[in-house]
Amino acid sequence: MPPATSGAFDDQPSSALTSPIRSSAAAGSAAEDLRHLPGSRGLRRTQLALFGAGLATFLLLYSTQALLPALSASLRLTPAQASLTVSAAAIGLALAVIPVSALSERYGRTAVMTASVFTAAAIGLVLPFAPDLTTLTVLRALQGVALAGLPATAMAYLAEEVHPTALASAMGLYVAGNSIGGMSGRLVSGVVAGSYGWRWGLASVAVLSLLCAIGFRLLIPRARHFRPGPINPAALLRTVTSHLRNPLLGRLFALGLLFMTVFGAVYTVMGYRLVALPFGLSQGLASSIFAVYLVGTFASAASARVTGRFGRRGTLYLAVGTTSAGLLLTLPDSLPLALLGLVLITAGFFTGHCVASASVGRTATHGRAQASALYLAAYYLGNSLGGTLGADAYHSDGWTGTVLVALAAMALACAVTLYGTVHARLTTPHAVAAAR
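Residues numbered from 1 in each chain as written. Predicted model: local features only at pLDDT ≥ 70, side-chain atom pairs only at ≥ 80, totals over all residues. Heavy atoms only, no water.

Visitor: Hey, could you run me through the overall build of the chain in this one?
Guide: Secondary structure summary: the chain contains 17 helices and zero strands in total. The buried share among the 436 residues of the chain stands at 57%. (Helix = DSSP H or I, 4+ residues; strand = E, 2+ residues; numbered from the N terminus. Buried < 20%, exposed > 50% of the residue type's maximum accessible area, 1.4 Å probe, protein only.)

Okay, structure coming up:
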């Protein structure tokens, strides 16, 4: 998953909000000693709490994706209609992440994260009783808004409360919770739905998420370094506008959107393909393909080494090529080739996403939190766009149509990267070397 924003208004002038870094510094040098150190009980509690919160968030965010064939059969929906239950949550999160990050500056990280996971879990408990698509979609959109609280504030909490020597491991476990939650939400809901129907599938995920939310609240240590600041909408608007006018940041946001368009299209539609002929897999067995998601964990870990060897743009070209090759492999009606293609698509997506998201922090010279939040918004809008376009293409032209949508997104991603390469060569002879 993408790196979450590390606060709503960091690197702002004094007239704006207080940043997480300055909030910690304002506590004085003595406060430095109170941050959670490696091996401390406080650090272990923090890590477990954020792992559980990340698990709950991404259990819920993708809970309907594995259920789409079952939803279509039960409510008599087309793939495009059923995919709205995934898109609505992603859009809700994308639209809410910047405003919610601002609220965390005023009311505190812990308060916002707690409200986020409990509200989203509560909505999850209501979802199984939705009588029709409209109700289900509206509830999912509200759930997405609620879920925005965790990615908008978790990294800021860690940066403020964890000692720098322990920060990498703490963030790593939080991201692992995100990844495992994204996979588990699809697996659990799909497997349970295979035996008991989609309503029980959603209920099982909601109960698991509620348990994770309770664990988070019991474990999370009291914030000792947060200092509330006033919300300054004008400062936020200025920072966001300046980022949107930055050509390089714009290209990075576009890359996040395009890679996620592919991922959303493929993972939204693949379940339909596998339960249909010639594969004819059961709902539960088709849902098990989401275990391939684990490939993303390894690809994310390896992306830094690959970037060190090929450079950022070289790695982006590699990610586009790997993803495109995987898409082409899925075209024949062969289950082994479809699974191999899915492995390549997943590896390529996570590699491209890691490079683009990491580059956002390097590129932004101010307001890095807002830059990360904008990337996150583009990323989840891409998920919604891909799910809707991919499902609509599948309804019209079968799996080939979905692959064509995804390949078009990869062609655009290649064009964006190529433009960056050419622009760098023309403007600064050493820019290509610097990008490495």
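On we go from here.
Visitor: Explain the side chain of T421 to me, please; I cannot follow it from the model alone.
Guide: With respect to the helices, strands and loops of the structure, T421 is situated in helix 16 (residues 368–427). Judged by relative accessible area, T421 falls into the buried class, the value being 12%. Ignoring any residue separated from it by four or fewer positions in sequence, one finds T421 in contact with R313 and Y317. (Contact = heavy atoms within 4.5 Å.)

Visitor: Looking at this model, I keep getting lost on the environment of G197. Mind explaining?
Guide: Considering the arrangement of structural elements, one finds G197 in the loop between helix 9 (164–196) and helix 10 (198–219). For G197, a relative accessible area of 27% translates into the label partly exposed. Each C-alpha atom of the pair G197 and S74 lies 8.9 Å from the other, and the pair is 123 residues apart in sequence.

Visitor: I would appreciate a short explanation of unusual backbone geometry in the present structure.
Guide: Excluding glycine, most residues fall at negative phi; most peptide bonds, likewise, are trans. With an omega dihedral of 10 degrees, the bond running from L277 to P278 counts as a cis peptide bond. In this structure, R76 takes a positive phi of about 60 degrees despite not being glycine. Within the secondary structure layout, R76 lies in the loop between helix 4 (68–75) and helix 5 (79–107). Classification of R76 by relative accessible area gives exposed; the value is 77%.

Visitor: Help me understand the packing of aromatic side chains, please; the structure alone is not making it clear to me.
Guide: Between two aromatic rings, the relevant description is the distance of the centres plus the angle of the planes. Following the criterion strictly, the structure yields ten aromatic pairs and no others. Ring centres of F263 and F349 lie 4.1 Å apart, and the angle between their planes is 15 degrees; this geometry places the pair in the stacked category. One end of the pair, F263, is in helix 12 (residues 247–275); the other, F349, is in helix 15 (residues 335–363), and 86 residues separate them in sequence. (Phe/Tyr/Trp six-rings, centres within 6.5 Å; stacked < 30°, edge-to-face > 60°.)

Visitor: Please clarify how a nonpolar patch on the surface should be interpreted in this entry.
Guide: A cluster of nonpolar side chains, L125, V207, L208, L211, I214 and L218, forms an exposed patch at the surface whose accessible area comes to about 530 Å². For the nonpolar patch, the element with the most residues is helix 10, which contributes five residues. Within the secondary structure, L208 sits in helix 10. L208 sits in the partly exposed class, given a relative accessible area of 36%. (Patch = residues over 30% accessible without salt bridge, like charges linked within 9 Å, V, L, I, M, F, W, Y side chains within 5 Å. Areas by Shrake-Rupley, 256 points an atom, 1.4 Å probe, with all protein chains shown as cover. Salt bridge = Lys/Arg side-chain N within 4 Å of Asp/Glu carboxyl O.)

Visitor: What is the right way to read helix 7 (residues 133–147) from this model?
Guide: Along an α-helix, residues three or four positions apart point the same way, because every turn accommodates 3.6 residues. Taking 1.5 Å per residue as the helical rise, helix 7 with its 15 residues ought to reach 21 Å, and the 20 Å between its terminal C-alpha atoms agrees with that figure. Among the residues of helix 7, L133, L136, T137, L139, R140, Q143, G144, A146 and L147 are the ones counted as buried. The distance from a side-chain oxygen at the start of helix 7 to the backbone nitrogen of T134 is 3.4 Å, and the residue carrying that oxygen is D132. (Expected span 1.5 Å × (residues − 1). Polar contact = N/O pair within 3.5 Å; in protein donor to acceptor, adjacent residues only side chain to side chain.)

Visitor: Got a minute to help me understand the environment of A154 in this structure?
Guide: In this structure, A154 sits in helix 8 (residues 149–161). Put simply, A154 and S101 are 53 residues apart on the chain and 9.8 Å apart in space, counted from C-alpha to C-alpha.

Visitor: I keep staring at helix 4 and nothing clicks. Help me out?
Guide: Most of helix 4 sits inside the fold, with six of its eight residues counted as buried. Taken residue by residue, helix 4 has L68, P69, A70, L71, S72 and L75 as its buried positions. Taken together, the buried residues of helix 4 touch helix 5, helix 7, helix 10, helix 12 and helix 13 (283–287). At the exit of helix 4 stands R76, carrying a positive phi of roughly 60 degrees.

Visitor: Would you take a moment to explain the pattern of salt bridges for this structure?
Guide: Any two side chains of opposite charge can pair, so long as their charged atoms come close to each other. Using the criterion set out here, one finds one salt bridge in the structure. D333 is paired through a salt bridge with R273; the nearest N and O atoms lie 3.2 Å apart. In this pair, D333 sits in the loop between helix 14 (294–329) and helix 15 while R273 sits in helix 12, placing the two residues 60 residues apart along the sequence. Taking relative accessible area as the criterion, D333 reaches 57% and is therefore assigned exposed.

Visitor: What is the right way to look at the packing of helix 3 (residues 41–61) against helix 6 (residues 109–126) in this model?
Guide: Between helix 3 and helix 6, the least distance of the axes is 10 Å, while the angle of their chain directions is 40 degrees. Accordingly, the angle class assigned to the pair helix 3 and helix 6 is oblique. The crossing of helix 3 and helix 6 is left-handed. Between helix 3, through L50, A53, T57 and L60, and helix 6, the contact on the second element is made entirely by M113, V117, A120 and A121. Counted by class, the contact of helix 3 with helix 6 contains seven nonpolar, one polar and no charged residues. (Axes fitted to C-alpha atoms, helices over the stretch in contact; angles between N-to-C directions. Parallel < 35°, antiparallel > 145°, perpendicular 65-115°, else oblique. Left-handed = near helix turned anticlockwise from the far one by under 90°. Nonpolar A, V, L, I, M, F, W, Y, C, P; charged D, E, K, R; others polar.)

Visitor: Even after reading the chapter, I still don't get the packing of helix 6 against helix 8, so can you show me in this structure?
Guide: The relative placement of two packed helices is expressed as an angle between their axes plus a distance between the axes. Here helix 6 crosses helix 8 at 145 degrees, and the two axes come no closer than 9 Å. The hand of the helix 6/helix 8 crossing is left-handed. Seen from helix 6, the contacting residues are R109, T110, V112, M113 and S116; seen from helix 8, they are G149, L150, T153, A154, A156, Y157 and E160. By residue class, the composition of the contact of helix 6 with helix 8 is six nonpolar, four polar and two charged.

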